[in-house]
Amino acid sequence: MSEVNKATVLKKEESVNSDLKQADIKIKKSGKVPIYLNGRLIGYCDDGETVANIIIEKRRLGLISHELNVAFHREENELYLYCDQGRARRPYIIVENGKSKLTPAVIEQIKKGELSWTKLLKLGIIEYLDAEEEDHHAYVAQSEEELTPEHTHLEIAPVSILGVVASMLPYAEYNSSPRITMACSMAKQALGTYALNHLIRMDSRAHVMFYPQEPLVKTIPYEILGMSERAAGQNFIVAVTSFYGYNMSDAVIVNKSAIDRGLGRSLFFKAYEIEERRYPGGQKDRFCIPPVGITGHRGEEAYRHLEEDGIIYPSADVNAGDVLVGKVSPPRFLEEINVFGVVEEKERESSLYMKTGDKGTVDSVLYTTSVSGNVLVKVRTYSLKIPEIGDKFASRHGQKGVIGMVVRQEDMPFTKEGIVPDLILNPHAIPSRMTVGHILEMLGGTAKCLSGKEIDGTTFSGTKEEEIRAILREYNFDEFGETELYDGYTGKKIKAKIFVGVIYYQKLHHLVSNKMHMRSRGPVQLLTHQPTEGRAREGGLRFGEMERDCLIGYGASMLIRERMLEESDKTQQLICVDCGYFAIHDYARNIDYCPLCKSNNIETVEMSYAFKLLVDEIKSLGIFPKIVLRDKA
Amino acid sequence: MVKKIKIEIVDEIEKLMYSNLSINPGEAVGIVAAQSLGEPGTQMTMRTFHYAGVAEQVPTGLPRLIELVDAKKTPKKSMMEIYIKKEFYNDEKDLEKIAQEFEATYLADVAKVSENFEKKMLKLKLKRDKMESLGISDMHIISILKKNKFKFKVKGNKILITLKDKLLKKKKLTYGDVRKITLSLKGMMLKGIKNIEKAFVVKDKNDEFFIRTNGSNLKELFMHPKVDKSRLYTNSINEIYSFFGIEAARNAIVREIKQVMDMQNLTVDIRHIMLLADAMTSDGVVKSVGRHGLSGEKAGVLARAAFEETVKHLVESSVYGESDRLVGVTENIIVGQTMPVGTGTVLLKHKTRL
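The numbers attached to residues start from 1 for each chain and follow its sequence in the written order. All chains are assigned letters beginning at A, and all ligands numbers beginning at 1, according to the order in which they are written. With the structure being a predicted model, the display of local features is reserved for residues of pLDDT at least 70 and the display and counting of side-chain atom pairs for 80 or more, all residues being used for whole-chain, interface and lining totals. To obtain the side-chain values, all non-hydrogen atoms of the structure were used and water was disregarded.

J.: Would you explain the overall build of chain B in this entry?
T.: Put simply, DSSP marks the helices as runs of H or I at least four residues long and the strands as runs of E at least two long, and each gets a number from the N terminus on. A tally of regular secondary structure across chain B gives 15 helices and 10 strands. Computed over its C-alpha atoms, the radius of gyration of chain B comes to 29 Å, more than 25% above the 20 Å expected for a compact globule of 354 residues. Overall, the C-alpha framework of chain B stretches about 105 × 65 × 40 Å when taken along its three principal axes. In chain B, buried positions account for 36% of the 354 residues. Note on method: radius of gyration uses C-alpha positions; expected globular size equals 2.2 Å times residues raised to 0.38. Think of it in three bands: with a 1.4 Å probe and only protein chains considered, a residue is buried below 20% of the maximum accessible area for its type, exposed above 50%, and partly exposed in between.

Quick look at the structure:
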């Protein structure tokens, strides 16, 4: 593991200078070897190598800050010192004369709790090196056995080359690197217990898992990081086989009964907030049940859950369109003149409501004030998320997939002992991706289930395959994990032996229910009159340029017209036949006329609103486009 | 009887082959061709920028395709294939000699040119070994210098040139002029054919030897008496166009694109390529595909504005008072009418009598 150096540069440069003085290291005004501190020339010395060694020595004695790193560039004969922030540094065990400073006696002391990490650093048993010092002054041994007198450092553990997330993956050394990268990014999306105070937190979105389990196959860093107390996943019994094509292309089959027993179940919290805002002129928003007849009233049905103060009560079941907090805002413009020419003050409805697709139960309501001193209300809803078709799951080997079918336990394949898998993974997911660690973890999980012995999946130092197989053999289990399965539909034995094992699976926060979206008709954009974009705005799916090209390629003229006009932004525009300008309908006189040439020779033309807009924009360029009309065909 | 059968056979062929192969009216051939060429193009991007390890002689793959479609005046690396008439050679060695004759040799290749700005003198130091291998004698160089009216002295391996002020029809030579003269001297051709940088002998599929060159000069090589004119080839479309004319340029485009596609094992129907080549050459000059060529010359204002440089086209057309008759596909989609392709080509003409 490594750390990135922080704290301000200037402060440290000062302290380094005083440290160097105290440690009796003289920096001369001239000499053969220039010395640079954080890239700035601070002086010279005559022998860079010895000065570097003295600094390292004094640093280990604690006379110089442990954050100072040295690099003597022998080719250029220049000495570089670094103490600035942003350098990634790693800890190593110091080796002197081929012997590790971390002696059994020290280890004994650590076990007793007499020595802490900072103490070890002060005692000069371990030290942090940055990239420069590592390059120029370190000869690192991977293990204690290979130590020779030339070695200067010893790696604490081989896993320490990995980062926080990667070191938690079991058997990562058996996997291909892209899959490790994927596994790392997916581990961050796994549902579990993200914070212990989640019940009082008001995160805008949060998932909490019902029954998180710690993995059967763990790694040492996993324990150190305390992940076993805040696990994010469950141990699944997995069979690797196809299942009527419902798990092709990375889909997985999940056992319905397992889901009913709580497998992969989670809660989804969503918080909404609204503020009683102040406007210039002393006007203010008001939380209340909006009175009938107000502009933008949503109908009484929508406000049914609100209490007198206009705020919803906890435990109310809410659906899309339901109002959580009723609010009334002052009019946008102080004077709005109505049809009869009377100045009328009209308030607007501006409630907080559930967006399309949202559904849940009100969990809690927070009544507080915002930073600007306004009344602020936060409403948190929750909804139960039971695994369903389309929910995403992943193992810790970059093997992700969505549920393709939920199968009743009776219909799932089973072993002669009556074990029914929780999940069926398609065998095609394995060979091309070379995630051998996945297979090994399945074997290891089975071995732990059978024996209860700890199976360590730590990268480079985990339980060896042979040991796992020995355990399986001991318990009369197929040492390769291949099991005879019986077809759940027919009860007949499946001819091939099928690989079954226990492996840790994570439920990822990509849930279909939060993504599902459809539209037949819906809102359009104000500017273009074309359908809106995106799920949040209940938008359509874009029929883009390339899709259009395809239809042209087919010669499907009428279909294109339907897509791009009829289903999109069709308008009727009045065009003046005489001058080609957009004409106007005068409601008072009920007459069409051209505002330019006052002609009454007007035709209605069907066109896309985008074209009308284009013409308007061309006009704004200072160009006068005229539309010349002609009879069709 | 025989005649009747003959006619039947011809009819059958016509029915089976010809009418099956002819395209229906209103078919959007352009889009289909563009898609058919574009799709393999996207695949090429990924793998063929470089051939690992092998020194790139002539660009292939996507870079070459872009070059062709953009109608570049000179290809990045032009190349020629020259077959020599049988009567002029017996074996590979003879051909190599001929190849060397083709290679353009410049003064800088056989001599080191250094300048003295103060004295306004140039010094040529001859590279004897090079001269020998290239078959160039001292007289060769001297005659060229004489031709250019230089005043010089020969001292063994060295030739000293004194520059006279009158040389550039100026009163006095500046240092810049001296450098200019040096450069022009370096670039003086001693022998060979202009633009032919390198020529080497290669064997073709039928074990016949031919000369491949870097650089191309169709005009001079075509006139060369030893060259087999019927099999002379260059990859420079522009040279073919200026020497043979537009039809030949069209065929060259087709051939070159086809070659690029074949190299990648991509099969594109040749008719798509032919359509592209036709479109590029239909005006009698080789046009590029894109802003400066095909798309920039579309008839409709709206279609041009929809492609690139929208405002430029709109403003320009307003200056000339252009009108868009809405005949193209793009225009009609913008306006929101049925476009004149496929099912949109047919219109119902109905005369109403009242």
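J.: I'm lost on the sheet that holds strand β24 (residues 348–349) of chain A in this one. Help?
T.: The strands that make up a sheet are held in pairs by hydrogen bonds between backbone atoms, and each pair lies either parallel or antiparallel. All names here are of chain A. A pair of strands counts as paired when DSSP detects no fewer than two bridges linking them. Read from one edge of the open sheet, 3 strands run β18-β21-β24, paired in antiparallel fashion. Taken across any chain shown, the strands that pair with only one partner, and hence form the sheet edges, are β18 (286–287) and β24. Pairing geometry for β18 and strand β21 (residues 327–329), over 2 bridges, is antiparallel. The residue bridging Phe287 from the neighbouring strand is Lys327, located in β21.

J.: Whenever I open this one, unusual backbone geometry confuses me. Can you help?
T.: With glycine set apart, most residues show a phi of negative sign, and most peptide bonds adopt trans. Phi at Met434(A) is positive, roughly 55 degrees, even though this residue is not glycine. Position of Met434(A) relative to the elements: it lies in the loop between β31 (423–425) and α9 (436–451). A positive phi angle, close to 55 degrees, is found at Leu326(B), a residue other than glycine. Tracing the sequence through the fold places Leu326(B) in the loop between α14 (310–320) and α15 (329–335). For Leu326(B), a relative accessible area of 27% puts it in the partly exposed group.

J.: It is not clear to me how a negative patch on the surface should be interpreted in this structure. Could you clarify?
T.: Each patch is assembled from residues with relative accessible area greater than 30% and no salt bridge, linking like charges that lie within 9 Å and nonpolar side chains (Val, Leu, Ile, Met, Phe, Trp, Tyr) that lie within 5 Å. Note on areas: Shrake-Rupley, 1.4 Å probe, and residue coverage restricted to the protein chains presented here. Salt bridges are counted wherever a side-chain nitrogen of Lys or Arg sits within 4 Å of a carboxyl oxygen of Asp or Glu. In this tally, Asp and Glu contribute negative charge and Lys and Arg positive charge; neither His nor the terminal groups of the chain are included. Just so you know, the charge point we use is NZ for Lys, CZ for Arg, CG for Asp and CD for Glu. Side chains of Glu8(B), Asp11(B), Glu12(B) and Glu14(B) sit close together on the surface and give a patch of like negative charge. Relative to the helices and strands, Asp11(B) is located in helix α1 (residues 2–21).

J.: It is not clear to me how the pattern of salt bridges should be interpreted in this structure. Could you clarify?
T.: Pairs can form between side chains of opposite charge whenever their charged atoms are close. Residues and elements named next belong to chain A. For the structure shown, the criterion picks out 58 salt bridges over all chains. Taking the shortest distance from any N to any O, the salt bridge between Arg60 and Glu96 comes out at 3.8 Å. With Arg60 in helix α2 (residues 48–60) and Glu96 in strand β6 (residues 88–96), the pair connects residues that are 36 residues apart, well separated along the chain. Under the relative-accessibility criterion, Arg60 is labelled buried at 18%. Asp549 is the partner of Arg548 in a salt bridge, and the nearest nitrogen-oxygen pair spans 2.8 Å. Taken together, the shared-partner salt bridges in this structure form one network comprising Arg59, Arg60, Glu96, Lys101, Glu127 and Glu133.

J.: Help me understand the interface of chain A and chain B, please; the structure alone is not making it clear to me.
T.: Reports of interface size often rely on the accessible area that becomes lost once the parts have come together. Each partner contributes to the interface: chain A provides 22 residues, whereas chain B provides 26 residues. In total, chain A and chain B occlude about 1,900 Å² of area from one another, counting both sides; carbon and sulfur atoms represent 72% of this. Any pair of N or O atoms that falls within 3.5 Å is considered a polar contact. Within protein, one atom must be able to donate a hydrogen and the other to accept it, and sequence-neighbouring residues count only if both atoms are side-chain atoms. For the interface between chain A and chain B, the tally reads 8 residue pairs in polar contact (both at pLDDT 80 or more). Breaking the side of chain A that touches chain B down by element, the ones donating at least two residues are α11 (545–554), α12 (557–569), β39 (602–608) and α13 (609–620) of chain A. Contacts were defined at the residue level, with two residues in contact if any of their heavy atoms lie within 4.5 Å. Buried area is calculated as the accessible area (1.4 Å probe) missing from two parts once they are joined, with the contributions of both summed.

J.: What is the right way to read the pairing of strand β3 (residues 111–116) of chain B from this model?
T.: Each regular strand shows side chains that alternate between the opposite faces of the sheet. Residues and elements named next belong to chain B. Sheet topology note: the β3/strand β4 (residues 121–126) ladder contains 6 bridges and is antiparallel. Bridged to Asn116 within β4 is Met121. Linkage of β3 to β4, two consecutive antiparallel strands, is achieved through a turn of 4 residues, within which Lys120 is found at a positive phi near 55 degrees.

J.: Explain the packing of α11(A) against α12(A) here, please?
T.: The angle between the axes and the distance between the axes are what describe a pair of packed helices. Residue and element names in this part refer to chain A. For the pair α11 and α12, the least separation of the axes is 9 Å and the interaxial angle reads 155 degrees. Our classification of the angle between α11 and α12 gives roughly antiparallel. Each of Arg548, Leu551 and Ile552 in α11 lies in contact with α12, whose residues at this interface are Leu559, Ile560, Arg563 and Met564. Tallied by class, residues from the contact of α11 with α12 come to 5 nonpolar, no polar and 2 charged. Every axis in this analysis is a line fitted to C-alpha atoms, fitted for helices over the stretch in contact. Angles between the N-to-C directions lie between 0 and 180 degrees. An angle counts as roughly parallel when it lies under 35 degrees, as roughly antiparallel when it exceeds 145, as roughly perpendicular when it falls between 65 and 115, and as oblique in every other case. Any residue that is not Ala, Val, Leu, Ile, Met, Phe, Trp, Tyr, Cys, Pro, Asp, Glu, Lys or Arg is counted as polar, Gly included; the first ten are nonpolar and the last four charged.

J.: I keep staring at the environment of Ile494(A) and nothing clicks. Help me out?
T.: Residue and element names in this part refer to chain A. Relative to the helices and strands, Ile494 resides in the loop between β34 (485–486) and β35 (498–507). When its relative accessible area of 26% is taken as the criterion, Ile494 is described as partly exposed. Separated by 81 residues in sequence, Ile494 and Pro413 place their C-alpha atoms 8.6 Å apart. Those residues in contact with Ile494 that sit more than four places away from it in its chain are Pro413, Leu485, Tyr486 and Asp487.

J.: I keep staring at the nonpolar core and nothing clicks. Help me out?
T.: Proteins that are soluble and globular tend to have nonpolar side chains buried together. By size, the foremost hydrophobic cluster in this structure holds 39 residues, and its most contacted members are Ile82(B), Ile84(B), Phe102(B), Ile211(B), Leu221(B) and Ile257(B). Sorting elements by how many residues they give to this core places helix α11 (residues 246–263) of chain B first, with 7 residues. Residues Tyr171(A), Phe236(A), Leu425(A) and Ile503(A) belong to the second largest nonpolar core, which totals 26 residues. Only buried Ala, Val, Leu, Ile, Met, Phe, Trp, Tyr and Cys residues count toward a nonpolar core, and they belong to the same one when joined by side-chain atoms within 4.5 Å.

J.: I'm lost on the sheet that holds strand β26 (residues 360–369) of chain A in this one. Help?
T.: All names here are of chain A. As summarised here, the arrangement of the 5 strands in space is β11-β15-β27-β26-β19, forming an open sheet in which the pairing is antiparallel. Two strands lie at the open edges of the sheet, namely β11 (205–209) and β19 (317–318), each paired on one side alone. Alignment of β26 against strand β27 (residues 375–385), held across 8 bridges, turns out to be antiparallel. Bridging from a neighbouring strand, Thr368 pairs with Leu376 of β27.

J.: Got a minute to help me understand the domain arrangement of chain A in this structure?
T.: Per the domain assignment, the segments making up chain A are domain 1 (3–156), domain 2 (172–265 + 389–507), domain 3 (267–385) and domain 4 (569–620). Distance between the C-alpha centres of domain 3 of chain A and domain 4 of chain A: 41 Å. The split of the chain into domains comes from an automatic or database domain assignment.

J.: In this structure, what is going on with the packing of aromatic side chains? I would like to understand it.
T.: Any two aromatic rings considered together are summarised by their centre-to-centre distance and by the angle between their planes. Residue and element names in this part refer to chain A. Aromatic pairs are defined between Phe, Tyr and Trp rings, using the six-membered ring for Trp, whenever the two ring centres lie within 6.5 Å; interplanar angles under 30 degrees are classed as stacked, those over 60 as edge-to-face, and all others as tilted. With the rule as written, the count across this model stands at 17 aromatic pairs over all chains. Measuring from centroid to centroid gives 5.1 Å for Tyr36 and Tyr80, while their planes differ by 20 degrees, and the two rings are stacked. Within this pair, whereas Tyr36 is found in strand β2 (residues 33–37), its partner Tyr80 is found in strand β5 (residues 78–82), the two being separated by 44 residues in sequence. The two residues Tyr36 and Tyr80 agree in class, both being buried. Only when the NZ of Lys or the CZ of Arg is both within 6 Å of the ring centre and within 35 degrees of the ring normal is a charge said to sit over the ring. In this structure, Arg298 is placed above the aromatic ring of Tyr353, and the distance from its NZ or CZ to the ring centre is 3.8 Å.

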